[in-house]
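Given next are the chains, with one letter for each unit.
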Amino acid sequence: MNRIDRLFGILILLQSRKYVTAEKIANQFDISVRTVYRDMKALGEQGIPLSFEQHKGYFIVQGYFLPPISFNSDEANALLLMERFLGGFADKSIAQHYTSALNKVKTVLRTAQKEKLELLNDNIKLQLPERLINDFEYLSVLQNAISVKCIIEIEYKNNKDEVSKREVEPIGLIFYAFSWHLIAWCHLRNEYRDFKLTNIITIKCSEIPFKKTTHMSLNDYMKLLPVNY
């Protein structure tokens, strides 16, 4: 990657996150931290309003907006391929949102690129076992609940087919043992519980903020899992 492309890539990365550390930029673009410092200086000299906060990283001052960008064919092809995997690693809600996003990507492609993408679309198939087909629409609701830290109400069926109603505080989602699992603080059990999404019957976001003030990190919970995948 030449320097111009790298600087542009760094700018896109900065716009995609609230803070980005120099180490993150170095790892992403396979450069040294010293080179990151030089690149950030170069961006600043070009009028990009950059700032830095100790222990958090670089950020773009609020109000700056990078105009719409174009995609090359390799990037568009990668996005198309990922759409196939959504059938096995997401649910209906995520698939719908991804398709909508991909359609927006297609609008900025050149005519020749669109024709190649359509041809490729007809010639990539993914055959999935039934156990990987997620016939539910919960992931979008759960993502939002996790990000805004609101309590959700669920009806849940356990492995004994017993149904219970729960109020839970979702801390994260984990895909392991070929299934999506919601990790949440359960008010009924007064402990963290692992809810398999295929066993959730109904789900509703209450818009009530978390009652528990602090939660364990998802990384710490993953260390407690019975499997390492």
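Now for a look at the structure at hand. Worth saying up front: this structure is predicted, and the values here are computed from it rather than measured.

## Things to note about helix 7 (residues 139-148)
Those residues of helix 7 that sit buried are Leu139, Ser140, Leu142 and Ala145. Where the residues of helix 7 are buried, they touch helix 5 (92-107), strand 3 (150-157), strand 4 (163-176), strand 5 (179-186) and strand 7 (200-209). Immediately downstream of helix 7, the backbone of Lys149 shows phi near 55°, a positive value.

## As for the pattern of salt bridges
Evaluation of the coordinates by the stated rule reveals 8 salt bridges. The salt bridge involving Glu53 is made with Lys56; its shortest N-O contact spans 3.4 Å. Using a relative accessible area of 41% as the deciding quantity, one classes Lys56 as partly exposed. Arg84 is the partner of Glu83 in a salt bridge, and the nearest nitrogen-oxygen pair spans 3.9 Å.

## Comments concerning the packing of helix 4 (residues 73-89) against helix 6 (residues 111-122)
For the pair helix 4 and helix 6, the least separation of the axes is 10 Å and the interaxial angle reads 30°. Taken as axis vectors, helix 4 and helix 6 run roughly parallel relative to one another. When the axes of helix 4 and helix 6 are compared, the crossing they make is right-handed. For the pair helix 4 and helix 6, the contacting residues are Ser73, Ala76, Asn77, Leu80 and Arg84 in the first and Gln113, Leu117, Leu120 and Asn121 in the second. Residue composition of the contact of helix 4 with helix 6, by class: 4 nonpolar, 4 polar and 1 charged.

## Structural notes on the layout of surface pockets
By volume, the second largest pocket amounts to about 240 Å³. If you trace the second largest pocket, you find it lined by Tyr156, Asn158, Asn159, Arg166, His181, Arg189, Arg193, Asp194, Phe195, Lys196 and Asn199. The biggest single contributor to the lining of the second largest pocket is strand 6 (residues 191-196), with 4 residues. Along the lines of polarity and charge, the residues of the lining of the second largest pocket split into 2 nonpolar, 4 polar and 5 charged.

## Things to note about the packing of aromatic side chains
When we look at a pair of aromatic rings, we describe it by the centre distance and by the angle of the planes. For the coordinates displayed, the defined rule picks out 8 aromatic pairs. Between Phe136 and Tyr138, the ring centres sit 5.5 Å apart and the planes meet at 15°, which makes this aromatic pair stacked. Accessibility expressed as a relative area gives 7% for Phe136, which makes it buried. On the basis of relative accessibility, which here comes to 13%, the residue Tyr138 falls in the buried class.

## Overview of the pairing of strand 1 (residues 50-53)
With 4 bridges joining them, strand 1 and strand 2 (residues 57-60) adopt antiparallel strand pairing. Counterpart to Leu50 in the pairing with strand 2 is Ile60. Hairpin connection between strand 1 and strand 2: a loop of 3 residues separates the two successive antiparallel strands, and His55 in this loop has a positive phi of roughly 70°.

## Points about the sheet that holds strand 3
Spatial ordering of the open sheet is given by 6-5-4-3-7, a layout of 5 strands whose pairing is antiparallel. Bordering the open sheet on either side are strand 6 and strand 7, each of which pairs with just one other strand. Going across the sheet, the axis of each strand differs from the next one's by a mean of 45°, ignoring polarity. For strand 5 and strand 6, the ladder comprises 6 bridges, and the chain directions are antiparallel. Of the residues in strand 6, the one forming a bridge with Ala184 is Arg193. Against the sheet, helix 7 contacts strand 3, strand 4, strand 5 and strand 7, and its axis sits at roughly 85° relative to strand 4.

Cut-off values and rules
Residues numbered from 1 in each chain as written. Predicted model: local features only at pLDDT ≥ 70, side-chain atom pairs only at ≥ 80, totals over all residues. Heavy atoms only, no water. Buried < 20%, exposed > 50% of the residue type's maximum accessible area, 1.4 Å probe, protein only. Helix = DSSP H or I, 4+ residues; strand = E, 2+ residues; numbered from the N terminus. Contact = heavy atoms within 4.5 Å. Salt bridge = Lys/Arg side-chain N within 4 Å of Asp/Glu carboxyl O. Axes fitted to C-alpha atoms, helices over the stretch in contact; angles between N-to-C directions. Parallel < 35°, antiparallel > 145°, perpendicular 65-115°, else oblique. Left-handed = near helix turned anticlockwise from the far one by under 90°. Nonpolar A, V, L, I, M, F, W, Y, C, P; charged D, E, K, R; others polar. 1 Å grid on protein atoms, 1.4 Å probe; cavity = no way out; pocket = protein on both sides within 12 Å on 5 of 7 lines; lining within 4 Å. Points joined across faces, edges and corners; volume = space filled by probe spheres on them. Phe/Tyr/Trp six-rings, centres within 6.5 Å; stacked < 30°, edge-to-face > 60°. Pairing = 2+ DSSP bridges.

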